[in-house]
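Here is what each chain is made of, one letter per residue.
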Amino acid sequence: MSENKVVIAGIDEGKDFYQVQNNEFVYENAKKDKTVYQVLKEDLYREIGTQLAIKPDGDYIGMMQYRRFFTQQVEYDKPYIGETYLNDKTARKYGLNTFSISDVMKSAQIVYPEMVVTRAYDARNVREYFTKFDKKHDAEHFVVFENALKEKYPEYSSEFESYMKSGKMVLCNMFLMKRELFVTYNKMVESVLAVLDEKLDMRYASYEQTKEYSMFTAVMLATFCRYQEKQGVTVRELPVVEFEDVTVKTELKPAFDHNNVAMVLASSDFYTIYLSAMLESIVENASDENNYDINVLESGIRPDNKEALKLIAEGHENVSIRFYNVKEKMANIHLKATGHISVETYYRLLIPEIFINYDKVLFLDSDMTVHADVAELFHMDVTGYMVAAAHDQCCAAFLNGSDKSFAKYCRESLKLKNVHDYFQAGVMLLNLTRFREKYTQKEIFEIATKRQYRYVDQDIMNVLCQGEVKHLDLEWDCFPDFGPYEYEFMPYYLQKQYAVARKNPKICHHTGPNKPWSELFADTMQTEHFWRRARKSPLYEQILFRTMMTASGAFWSGEIVGKKKSTKIKNKIKYGFIVPAANGMFPRGTKRRKSAIKFYYGIRRKEIPTWELDD
């Protein structure tokens, strides 16, 4: 046996960050056989089951707790530190990657968590904390535990009572110990909990009550350490840092080693049911000779919804559906989302960094249905361009006179040299090699956060890609019919493109606030395309239920009664009279317009959309 062999149990994903220098480090996540520690006991014993199964064959034995780590950083004078993410940066911050057990144990035979004041938990001392024990726990269980400890180990009774009167307590069962001390402590824990197993009926314990054994073990640890200190053992307390998320992010690599059609989508949990229809349409049009590497950027999609989406790839060996949580990367970035534009739209700005092992990817918005093989678009040559994307049909109309302020905004605020190159960011074939040559991730977000944008990430992408845009035909990003007001102002060559695209679209983009699943009289052609795919989705019932609830609410509020007949009349009134009159009375850029906008959205109790914000 080497001089400083260390056995540590209880760490899982975070273990790679918790390095031990100058030691022979052995990681052990031991568990007893399930026939001995059955499912109920596994819930009750939690990390204690791992502790009891440790083979004490090291000079030092350590017990960690999943998301909690000891830190030696002296500048952190708090006993218990909360941190969000465990990553390279925070590992360095708290010295986890340089933590040396041999150095720590030179000055101590036992290390355990620094105590926290009980007043932080509304108790004058430890006994009051357990006597008051909130409604989620059973105070009588603590009495049984106390009696068991005193009966089994009467020599610890005095120190136990002293600890109960203390105004500080240990929150968790974490430690580093010399082997012989660990053997003694482990035997103590096992024998006391055996009494609890015998005397307490925990078959019907709530989730919170299953935590009681762990809480009682923390009391045993504090009592044991205090007792041993009085016997001459050197004991040291260290602060503990607890992370909310210890999931270690690994670099994304292509799912297939050849013919890999890389796609990126972004979705919230709410939007997954509509995303499912889009995924069905992609798979429906997939070809056998290509492999489809579909990656969904998200920050909170429920596991059951992820599993439902993965079902769409079942039976298709050439289709992979994966999820990447961007919450950590977005944590310190403050971007604004308003109206029907969600924060998920910003995720595309992270693509160059997340997909570092990809040369190009096809980004698609989630409010679409696909009617062609996306491999055709993916294999398009984008050499010399940063992006291939279609014109934004509405913005093209704005630039051509339907909203004269937009051209000024593009020239003066976005600094676009050719405003008519403005593209739609819902379908983008991104040349990531070129992106990384031109910008760092930091530079991308510096541009993204320096001002308020009307069309948020789409404006940002136009700024980033200026002068390096390859325009796609509108068939690859076909909008719904927004009515004559937009169509009439569209450049004639785009009008002709749009007319052809409508007859045979390759991608239908259900853009705007009125979606096929929420607007009963939305564009008929696009609505039919959506529902045909939705019926194949594993989440079809959820789509249907939500649509019915939305429709019933609209019906009883009187929103839909007679709507179909009056839609054209309303549009004529709105765009033929109200909008021009409002623009005349309240010109863009004037204080009058700002006041009117604040008043209008104020009485409606809604946030001002980005497109209404003046420069």
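Conventions we followed
Residues numbered from 1 in each chain as written. Predicted model: local features only at pLDDT ≥ 70, side-chain atom pairs only at ≥ 80, totals over all residues. Heavy atoms only, no water. Phe/Tyr/Trp six-rings, centres within 6.5 Å; stacked < 30°, edge-to-face > 60°. Buried < 20%, exposed > 50% of the residue type's maximum accessible area, 1.4 Å probe, protein only. Pairing = 2+ DSSP bridges. Helix = DSSP H or I, 4+ residues; strand = E, 2+ residues; numbered from the N terminus. Axes fitted to C-alpha atoms, helices over the stretch in contact; angles between N-to-C directions. Contact = heavy atoms within 4.5 Å.

Visitor: Looking at this model, I keep getting lost on the packing of aromatic side chains. Mind explaining?
Guide: Here the distance between the centres and the angle between the planes together describe a pair of aromatic rings. Throughout the structure, instances matching the rule amount to 29 aromatic pairs. Each ring, one from tryptophan 531 and one from tyrosine 540, has its centre 6.5 Å from the other, and the planes form 85°; the classification is edge-to-face. When its relative accessible area of 13% is taken as the criterion, tryptophan 531 is described as buried. Following the ring pairs from residue to residue traces out a cluster consisting of Tyr121, Tyr129, Phe130, Phe142, Phe145, Phe160 and Phe216.

Visitor: Which parts of the structure should I look at to understand the sheet that holds strand S13 (residues 291-298)?
Guide: Strand pairing in a sheet takes place through backbone hydrogen bonds and is either antiparallel or parallel in direction. Strand order in the open sheet made by the seven strands is S14-S13-S12-S15-S18-S17-S19, with mixed pairing throughout. Of all strands in the sheet, those bounded by a partner on one side alone are strand S14 (319-325) and strand S19 (469-472). In this sheet, neighbouring strand axes are inclined to one another by 25° on average, regardless of whether the strands run parallel or antiparallel. Alignment of strand S12 (residues 260-266) against S13, held across seven bridges, turns out to be parallel. Within S13, the position partnered with alanine 266 by the bridge is leucine 297. Sheet strands in contact with helix H10 (residues 272-284) are S12, S13, S14 and strand S15 (360-364), and its direction is about 165° off that of S12.

Visitor: Is there a simple way to explain helix H15 (residues 393-402) in this structure?
Guide: Note: α-helices contain 3.6 residues per turn, so residues at a spacing of three or four share the same orientation. The buried fraction of H15 is high, at eight of 10 residues. For H15, the full list of buried residues reads Gln393, Cys394, Cys395, Ala396, Ala397, Phe398, Leu399 and Ser402.

Visitor: Sorry if this is basic, but what is going on with the environment of valine 319 here?
Guide: Within the element layout of this structure, valine 319 appears in strand S14. Given the relative accessible area of 10%, valine 319 is considered buried. Taking C-alpha positions, valine 319 is 4.7 Å from tyrosine 292, a pair spaced 27 residues apart along the chain.

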